[in-house]
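A closer look at the structure
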2 protein chains.
Amino acid sequence: MNRLSLVILGIAAASIARLVFAAGSARAQQASDMNAIKAAHAAFYAALSARDVKAMAAVWARKSHVVVIGPVSKAAAVGYKNAVADYWPRVFARLPELSSAISSIAQTRTNGDMAWVIGTEHVVARTRSGKALNYSAFFTDILEKIGDRWLMVAHHAHRIAR
Amino acid sequence: MNRLSLVILGIAAASIARLVFAAGSARAQQASDMNAIKAAHAAFYAALSARDVKAMAAVWARKSHVVVIGPVSKAAAVGYKNAVADYWPRVFARLPELSSAISSIAQTRTNGDMAWVIGTEHVVARTRSGKALNYSAFFTDILEKIGDRWLMVAHHAHRIAR
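Here's what I pulled together on the structure shown here. Fair warning: this is a prediction, and the values are worked out from it, not measured in the lab. (Residues numbered from 1 in each chain as written. Chains lettered and ligands numbered in written order. Predicted model: local features only at pLDDT ≥ 70, side-chain atom pairs only at ≥ 80, totals over all residues. Heavy atoms only, no water.)

Tallied over the entire structure, the rule returns 6 salt bridges over all chains. Across the pair A:Glu97 and A:Arg126 runs a salt bridge whose closest N-O atoms are separated by 3.6 Å. Taken as a pair, A:Glu97 in strand β3 (residues 97-111) and A:Arg126 in strand β4 (residues 114-126) lie far apart in primary sequence, 29 residues in all. Here A:Arg126 falls in the partly exposed class, since its relative accessible area comes to 35%. A salt bridge links B:Asp33 to B:Lys145; the nearest nitrogen and oxygen atoms lie 2.9 Å apart. Of this pair, B:Asp33 sits in helix α1 (residues 3-50) while B:Lys145 sits in strand β5 (residues 132-146), placing them 112 residues apart in sequence. (Salt bridge = Lys/Arg side-chain N within 4 Å of Asp/Glu carboxyl O. Helix = DSSP H or I, 4+ residues; strand = E, 2+ residues; numbered from the N terminus. Buried < 20%, exposed > 50% of the residue type's maximum accessible area, 1.4 Å probe, protein only.)

On to the environment of A:Arg126. Residue and element names in this part refer to chain A. Separated by 32 residues in the primary sequence, Arg126 and Arg94 have C-alpha atoms spaced 8.6 Å apart. Those residues in contact with Arg126 that sit more than four places away from it in its chain are Arg94, Leu95, Pro96, Glu97, Lys131 and Ala132. Only 3.2 Å separates the side chain of Arg126 from the backbone oxygen of Gly130, close enough to count as a polar contact. (Contact = heavy atoms within 4.5 Å. Polar contact = N/O pair within 3.5 Å; in protein donor to acceptor, adjacent residues only side chain to side chain.)

The next thing to look at is the relation of the copies chain A and chain B. Related by rotation about an axis and a shift along that axis, the two copies of the chain form a pair. The two copies are related by a screw motion: chain A maps onto chain B through a turn of 180° and a shift of 0.1 Å along the axis, at an RMSD of 0.1 Å. On the angle and the small slide along the axis, the relation comes out as a two-fold axis. (Least-squares fit on C-alpha atoms with pLDDT ≥ 70 in both.)

So, about helix α3 (residues 80-94) of chain A. Residue and element names in this part refer to chain A. Look at α3: 20 Å from first C-alpha to last across 15 residues, which is about the 21 Å you get at 1.5 Å a residue. Where α3 bends most, at Tyr87, the angle is about 30°, and the proline Pro89 comes one to four residues later. Of the surrounding secondary structure, the elements contacted by the buried residues of α3 are α1 (3-50), α2 (53-59), β1 (67-69), β2 (77-78), β3 and β6 (149-159). (Expected span 1.5 Å × (residues − 1). Bend = angle between axes of the 7 residues up to and from the residue.)

Residues and elements named next belong to chain B. Pairing is mixed across the open sheet formed by 6 strands, whose spatial order is β2-β1-β6-β5-β4-β3. Pairing within the sheet leaves two strands with one partner each, and these edge strands are β2 (77-78) and β3 (97-111). With 3 bridges joining them, strand β1 (residues 67-69) and strand β6 (residues 149-159) adopt parallel strand pairing. Considered in β6, the bridge of Ile69 is made with His156. Across the sheet, α1 is in contact with β3, β4 (114-126), β5 and β6; its angle to β3 comes to roughly 160°. (Pairing = 2+ DSSP bridges. Axes fitted to C-alpha atoms, helices over the stretch in contact; angles between N-to-C directions.)

A word on the interface of chain A and chain B. Contacts between the two partners involve 37 residues from chain A and, on the opposite side, 37 residues from chain B. Counting the surface lost from both chain A and chain B, the interface buries some 3200 Å², and carbon and sulfur atoms represent 68% of this. By the criterion of area lost to chain B, the three top residues of chain A are A:Met114, A:Trp116 and A:Phe138, representing 18% of everything that side buries. One can count 2 salt bridges joining chain A with chain B. Between B:Arg109 and A:Glu144 there is a salt bridge, with its nearest N and O atoms 2.7 Å apart. Our enumeration of links across chain A and chain B arrives at 14 residue pairs in polar contact (both at pLDDT 80 or more). Sorting the residues of the side of chain A that touches chain B by element identifies α1, β1, β3, β4, β5 (132-146) and β6 of chain A as the ones contributing at least two each. Partitioned by chemical class, the residues of the side of chain A that touches chain B number 22 nonpolar, 9 polar and 6 charged. (Buried area = accessible area lost by both parts, 1.4 Å probe. Nonpolar A, V, L, I, M, F, W, Y, C, P; charged D, E, K, R; others polar.)

Turning to α1(A), a few remarks are in order. All names here are of chain A. Between its first and last C-alpha atoms α1 spans 67 Å; for 48 residues at 1.5 Å apiece the expected length is 70 Å, and the two agree. Turning to α1, its buried residues are Leu4, Asp33, Ile37, Ala40, His41, Phe44, Tyr45, Ala47 and Leu48. Arg51 occupies a position one or two residues after α1 and carries a positive phi of about 50°.

See below:
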């Protein structure tokens, strides 16, 4: 073999090795992404039930495209800085007692750097004026991987019609 | 320059050309994806207002992970074949008159092979028993690119609380 053949053979071998490595590492990445998505999603519900403004701020993407629609929303809150940052403190102020627990997950799906989780949550709360709330709601949550972190970019929840 | 240097130089030049081409083509792809997403989303609402079972079937991904939650759903419809395929004919049978028009889009976002659209729709309908419906609803719709087509994978809509 001459020097040129050796170089070409070397490049071909490196390409094959890279493909094999990429396939294995894509599978590992997918499993690790799914765990990170579930953890990020659980952190959102933990922050909600803890009425923790700081923990809630930590789970959201600081992006102008994030959206929140809650059970009593009259308009969508669009943009982290413009709307979503203030949305949660207002919810926590309105509901001095609040717990929201996931009761069932209909679907968790990821494709590339996006993911969505759809399911049912059970809300038990008390308003500032003392009114007790106790209901099931559907939620659709969307997450995006930004840098190496999965963050919430959309939350849509509504009380299940009776 | 010897033959080996020429081969290495050629490979380097090809790599740079590929990167430059990929950047331009990614931008063009993104713009063309956004148009295709908007068209697929509009086709869903057109099928809804036309009460057209065939047109509605054409906009959905034939996947077990698709989910629909409508304004009067008590449970999420999960899976195309198992639930979503039957969901729409039942809606159309329940509502002999139905029109649903998008009144505003809060956000349309795409990342890779996924996209979501969140907004408000206005529903005007009449039930089989003659009851008139006229209300605004929030929707969160999720689409996925499968092969070269953008298809609906989730629809969550609920009547805006008064």
